[in-house]
Structures are given as structure tokens and as C-alpha cells.
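Structural overview for review
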Amino acid sequence: VQFVESGGGLVQPGGSLRLSCAASGFTFSNYHMSWYRQAPGKEREQVAGISSAGGSTNYADSVKGRFTISRDNAKNTVYLQMNSLKPEDTAVYYCRARLMYGPVEHWGQGTQVTVSS
């Protein structure tokens, strides 16, 4: 199992970033996908989730209307489009895969997002 996360970086408040998480080593379409984040000194929290076929999404209240999760099962990739970024969005962002029908999960290595002027 391998994830390649990309798209993180430094952005000014109000800016945008698009995170990508390319997966390999498992049947991507059998997994629900999520993005989590962890800021320094805080617990890891779920930011957004998408069902295995992409028909259902959910978001944390703090990012609703600003972030959009999507996936391309043909490319084994999940995305997180982040707009109107705020300093409080600064964190390491992780993708997570959870098997539809069993207690199996995989985590990416994380990508740093820093929102600062």
C-alpha cells in the first residue's frame, strides 16, 4: 500500500490550494476516502469524506463552503480543493482509506499546509 500526497505548501490567507492523494497497492474503488488534518498541539480531526463511488460527501463545519473533496477512481486519486484559506487551516493534512465492508484502513504520510501572510 502506498500513497503519494502532494499539493501542500505556503499560501496567504484567502488563497487556494489543491491537495492530491494518489493511492496504489489496494482496490481504491472499494474504499471510502477522507482527509484529516492535525495542527500542532491539537488532535487529528476529519476535514472531509467521500464514499467509495463518490456519490456522498461530508465536511467538518469549519470547512463547509470552502473545501471540496472529490475522487477519480480511474486514477486512484482523491483530491481536496481548499479555497478561502485561513490561518487556522494550517496543519498537516492526511488522506485516509477505509474499506467499505471491513475494519481495514490505510493512511497517507501527510502534507504540510501553512496559511500565513
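Structural data are supplied above this passage.
Presented here is an overview of the structure given in this document. Starting afresh in each chain, residues are numbered from 1 along the sequence in its written order. In keeping with the predicted nature of the model, local features appear solely for residues at pLDDT of at least 70, side-chain atom pairs appear and are counted solely at 80 or more, and the whole-chain, interface and lining totals rest on all residues. Processing note: side-chain calculations cover all non-hydrogen atoms of the structure and skip hydrogens and water entirely.

1. Things to note about the nonpolar core
By size, the foremost hydrophobic cluster in this structure holds 30 residues, and its most contacted members are Trp 35, Val 78, Leu 80, Met 82 and Tyr 93. Helix numbers and strand numbers start at the N terminus; a helix is a DSSP run of H or I with at least 4 residues, a strand a run of E with at least 2. Breaking this core down by element, the ones donating at least two residues are strand E3 (17–24), strand E4 (31–38), strand E5 (45–50), strand E7 (67–72), strand E8 (77–82), strand E9 (91–99) and strand E11 (111–115). With 5 residues, E9 is the largest single contributor of residues to this core. Two residues form a contact once any of their heavy atoms are found within 4.5 Å. Among residues more than four places away in sequence, those in contact with Met 82 are Gly 15, Ser 16, Leu 17, Leu 19, Arg 66, Phe 67, Tyr 93 and Val 113. Among the buried residues, those of types Ala, Val, Leu, Ile, Met, Phe, Trp, Tyr and Cys that are joined through side-chain atoms within 4.5 Å form a nonpolar core. For every residue, the accessible area obtained with a 1.4 Å probe (protein chains only) is divided by the maximum for its type, and the residue is called buried under 20%, exposed over 50%, and partly exposed between those limits.

2. Things to note about the state of the cysteines
Cysteine pairs can be covalently joined through their sulfur atoms, and such a bond is termed a disulfide. Note on terminology: pairs of cysteine sulfur atoms within 2.5 Å are recorded as disulfides. With the rule as written, the count across this model stands at 1 disulfide. A disulfide bridge connects Cys 21 with Cys 95, and the sulfur atoms are separated by 2.0 Å. Residues Cys 21 and Cys 95 share a disulfide whose torsion about the S-S bond is about 45°; that sign makes it right-handed. Here Cys 21 is found in strand E3, whereas its partner Cys 95 is found in strand E9, with 74 residues between them in sequence. Each member of the pair Cys 21 and Cys 95 is classed as buried.

3. Considerations on the pairing of E9
In terms of burial, E9 is a largely internal element, 7 of the 9 residues being buried. Here, a strand pair is defined by DSSP locating no fewer than two bridges between the strands. Relative to E9, E4 runs antiparallel, the two being bridged by 8 bridges. Across the sheet, the residue bridging to Gln 38 is Val 92, located in E9. Where E9 and E11 come together, 3 bridges link them in antiparallel fashion. In the strand pairing of E11, Val 92 is matched with Gln 112. In this structure, the hairpin formed by E9 and strand E10 (residues 105–107) is closed by a connection of 5 residues.

4. Some details on the pattern of salt bridges
Salt bridge criterion: a side-chain nitrogen from Lys or Arg within 4 Å of a carboxyl oxygen from Asp or Glu. One pass over the structure, following the stated rule, counts 5 salt bridges. In this structure, the salt-bridge partner of Arg 37 is Asp 89, at a minimum N-O distance of 2.9 Å. Taken together, the residues Arg 37 in strand E4 and Asp 89 in the loop between E8 and E9 connect sequence positions 52 residues apart. When its relative accessible area of 1% is taken as the criterion, Asp 89 is described as buried. One salt bridge in this structure joins Arg 96 and Glu 105, with 2.7 Å as the shortest N-O distance. Classification of Glu 105 as partly exposed rests on a relative accessible area of 39%.

Interpretation note: all reported values are geometric properties and have no functional meaning in isolation.
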